[in-house]
Amino acid sequence: MTTSALLDVAGLTLRIGEAGRTVVDDVSFQVFPGEIVGIVGESGSGKTLAARAVMGFIPPAVRLVGGAIRFDGQDVMAMSGKDLRAIRGSKVGMVFQEPMTSLNPSMLIGRQLDEGLALHRKLDAAARRALILDMLRRVGLKDPEGALESYPHQFSGGMRQRIMLASVMLLKPALLLADEPTTALDAVVQRDVMELMVGLTQENGTAVLLISHDLGMVARYCSRIVVMCQGEVVEQGRSEDLLARPQHPYTRKLLSAMPHRLPARDLPPAKTPIVSVRDLVIEYPGRQGFFRKSTPKRALHGISIDVQPGEVVAVVGGSGSGKTTLGQSIAGLVKPASGTIVFDGKPIAKGEAGYWDYRLNCQMVFQDPYSSLDPRMTIGELVAEPLRLVRDMAPTAKAARVAEVLAEVGLGDGFAARYPHELSGGQRQRVAIARAVVRRPSFVIADEPVSALDVTVRAQVLDLFDELQKKHGFSCLFISHDLGVVEQVADRVVVMQDGRIVEEGPRDAIFDAPQHAYTQKLLSAVPGLESTGEGGVRLFWRRAGNDASIVS
Amino acid sequence: MKRPAPNAIIGGALIGTLLAVAATGALWTPYEPLKLSFREKLVAPNAAHWLGTDEFGRDVLSRLMAGAATSVWISLLTVTLAVLLGTLIGLISGYTRGWTDRIIMAFNDALLAFPGILLALGLLAVVGANKYGIILALGIAYTPSVARVVRGTVLSLREREFIAASRVMGNSEAFTMARHILPNCIAPLTVLATSMFGYVLLAESALSFLGLGVPPPAPTWGNMLAGSRPYIGQAMWLGIFPGLCISLTLLGINLLGDALRDKLDPRMRGAR
């Protein structure tokens, strides 16, 4: 490339406090005009800090130790506050991760979009309005005029991220910093927003610095990738080369942590299903006030599902598909409006003969390891708690069981006396899994058990789960929006949309020959992986033939 | 063993002194707190009367010590009463939700709408102005705010996944409430209770000031402060010392409350 770099970061080093930890260590990379560069790394790798430094956004506790950032030939570090403000927004735009909080909830969309334009461009109100409407139409809002007079809460997460993108691209910046722009979104929406972002930036010749933990997504859209680990750049290069021939062990680890399909398992022929759900209907009561009562909202419209002993059934679907509600109703947390749930051949209502058998043998792993553990209990107490209700078990046997299970999940030494806040997210999820399996249940519901975790941690937790499942042979209802994960763990897949099952079947059939349009759309949103030998992989996009019809 | 936080040391020292003084004051004072001595009225602080004497010649130090016992006892009992009652109401309201919650909270909010002191005044008129009347009146007056805080905490806690986890385990609702919800309410309750201790001390003083507190001649800090008003020009020590006692106690209580909250919260343990 002969053109000079738009953004040139050289030897950037950031440190916390006076003598503290180095959080970004000698990081150098360049972004050329119109190019899309990805920074990939796990939480704590310093990728966000490095990118924010480009805009001069460094938290007060963090100190710049060395290095230079040149944007368009100017030294960002030497700029005055006034000059910095002039480039923020107008030349460098930023899209944040959380669409729910990055728009001001008390401001009309129109006013928010107008803010940057009014500040940086000398245009009259009518011209600005025309520009805004044009941009809103471009990002796919159906009613741009109406949107101007709306508040952010009236839009879904995906729509908000589009609006955020519109507000940034209105100023046609030379560089767009996108910090995990689609992480909080559904797989299908994720893809639409990414396509939109790439389309918009290409039109305007805007370069993009895309920060993400999702190697698959980065590889798909970026021409070059920078891999960061613990504050250092461990590898950078062209996307295809980096994927096909990863040099650094960490890059290889990241690639091998991406979910991959294992050979289909042979299960013993069907006996009595462990869980059998028939025509399950769940309704959430509408908002009730003193004087009004709105109609109840139906979350599940007659679901029927069987889980055989030892089988892992994955339930996939976007948010609002009712997959979590299904899990909660089988766990007994939500009362069905109609339909039956039978556990091991016996009804599960409280007072029935089979109730305690069900209650002791049906366990659940929750999504958020930060909220599923009581913060005031130690790990030992948390894992021991389910045993309280087991009769005919001596205290010594219980203690031995807790120690055994903690060792099984890899939290053997000294973890029992710690509190949840002292543990990392992955370790917490191990505790949650230990708590679920400590009674040796025959059925475990796992509600998005790995979606809050980093890529490599996710792979470890999935392996652990798989290992425990094989060892103890429990059946599992695995709820997830992540098809990659599902492909790795599931024996059978159930696809849900809007409270209904749209397709179900053995894993290989669903992934290789999906019948329903929604399944096809879900599949097209996530990359598949093929090993190339030498530790590398090649990405491929499923159902590439249907791509055009899906995007348009 | 790590060094305790400075707020724990200062707060602990202040409250320790207060409790020591209150305990001593209940048993022994340098002079008889109620003994009149018209020859020695309004004497400025000196070697014999360290904090001077009041308009009836009573020793201010002795009265402060005796008053400490009364004031601390009243505040302590009031806070305990309000916290117990409020926690119970808040737990029931927040955990059951629905119509029970709505009715309890409507009543609660109606009570909250009255200023605490006004409510206490009304109740005092019914139960009579004596030590236990004050405790009952103030206790009831401060219950609604405790109930509000506990209910709010319970509402946010019950949506957390560890409550669902407890149900899936098969724990009964009562066990879940006692094992998982109540302990997690302790941090906000500690903070509320300590700041309330201060308010109650002030409210008791205010009631005394209005003439509805512990009836004279028995000393409390509040009625000493109230009694000092006509003499503020001639004998300012009469007002200053009880006022200082109240302020220092409040300071100590608040510092100690912060330290206690940090100590009780496992998340704050070992953090720096």
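Source: prediction; values computed, not measured.

Reading guide: rules and limits
Counting of residues starts from 1 at the beginning of each chain's written sequence and follows it residue by residue. To read the labels, note that chains go from A and ligands from 1, taken in the order they are written. With pLDDT at 70 or above as the cut-off, local features in this predicted model cover only qualifying residues; side-chain atom pairs require 80 or more to be listed or tallied, and sums for whole chains, interfaces and linings still use all residues. Per the convention used, a helix needs a DSSP run of H or I reaching at least four residues, while a strand needs a run of E reaching at least two, with both numbered from the N terminus. Residues with at least 20 other C-beta atoms within 10 Å of their own are called buried, those with 12 or fewer are called exposed, and the rest are partly exposed. The C-beta atoms themselves are positioned from the backbone. By the convention adopted here, residues make contact when the C-beta atoms placed from their backbones lie within 7 Å. Strands qualify as paired when DSSP identifies two bridges or more between them. In this usage, the nonpolar core is the set of buried Ala, Val, Leu, Ile, Met, Phe, Trp, Tyr and Cys residues whose C-beta atoms join them within 7 Å. Here an axis means a line fitted to C-alpha atoms, over the contact stretch when the element is a helix, while the angle between two N-to-C directions is reported on a 0 to 180 degree scale. How sure the predictor is of each residue is captured by pLDDT, a score from 0 to 100.

Concerning the overall build of chain B
1) Next: The helix and strand tally for chain B stands at 9 helices and 0 strands.
2) Next: Counting from the amino terminus, chain B carries its helices and strands in the arrangement α-α-α-α-α-α-α-α-α.
3) Next: Projected onto its principal axes, the C-alpha coordinates of chain B cover approximately 75 × 50 × 30 Å.
4) Next: By residue count, 45% of the 272 residues in chain B fall in the buried class.

A word on the environment of proline 386 of chain A
1) Next: Note that proline 386 of chain A resides in the loop between helix H13 (379-384) and helix H14 (395-408).
2) Next: Setting aside residues no more than four positions away along its own chain, proline 386 of chain A makes contact with Arg435, Val438 and Arg439 of chain A together with Met169 of chain B.

Structural notes on the pairing of strand S4 (residues 62-71) of chain A
All names here are of chain A.
1) Next: By the bridge criterion, 8 bridges tie strand S1 (residues 7-16) to S4 in an arrangement that is antiparallel. Across the sheet, residue leucine 14 finds its bridge partner in S4, namely leucine 64.
2) Next: Taken together, the 2 bridges between S4 and strand S5 (residues 74-75) define a ladder with antiparallel strand orientation. Bridging across to S5, arginine 70 finds its partner in aspartate 75.
3) Next: As consecutive antiparallel partners, S4 and S5 are separated by 2 residues, and within that stretch aspartate 72 has a phi angle of approximately 55°, a positive value.

Considerations on the nonpolar core
1) Next: Membership of the largest hydrophobic core comes to 225 residues, with the highest contact counts inside it found for Val54, Ala314 and Phe478 of chain A.
2) Next: For this core, the element with the most residues is helix H2 (residues 60-96) of chain B, which contributes 15 residues.
3) Next: Not counting the four nearest positions on each side in its chain, alanine 314 of chain A is found in contact with Phe478, Ser480, Val486, Val489, Ala490, Val493 and Val494 of chain A.

As for the sheet that holds strand S15 (residues 346-347) of chain A
Residue and element names in this part refer to chain A.
1) Next: One open sheet holds the 4 strands; their spatial order is S12-S11-S14-S15, and the pairing between them is antiparallel. Unpaired on one side and paired on the other, strand S12 (297-307) and S15 mark the two borders of the sheet.
2) Next: In terms of strand pairing, strand S14 (residues 338-343) meets S15 through 2 bridges, oriented antiparallel. Its bridge partner being in S15, phenylalanine 343 is matched across the sheet by lysine 346.
3) Next: Packed onto the sheet, helix H11 (residues 323-330) meets strand S11 (275-284), S12 and S14 and runs at close to 115° relative to S11.

Some details on the confidence of the model for chain A
1) Next: Model confidence for chain A is summarised by a mean pLDDT of 84, while 94% of its residues fall at 70 or above.
2) Next: Within the model, pLDDT remains below 50 along residues 544-552 of chain A, and this stretch shows 6 contacts once partners closer than five positions in the same chain are excluded.

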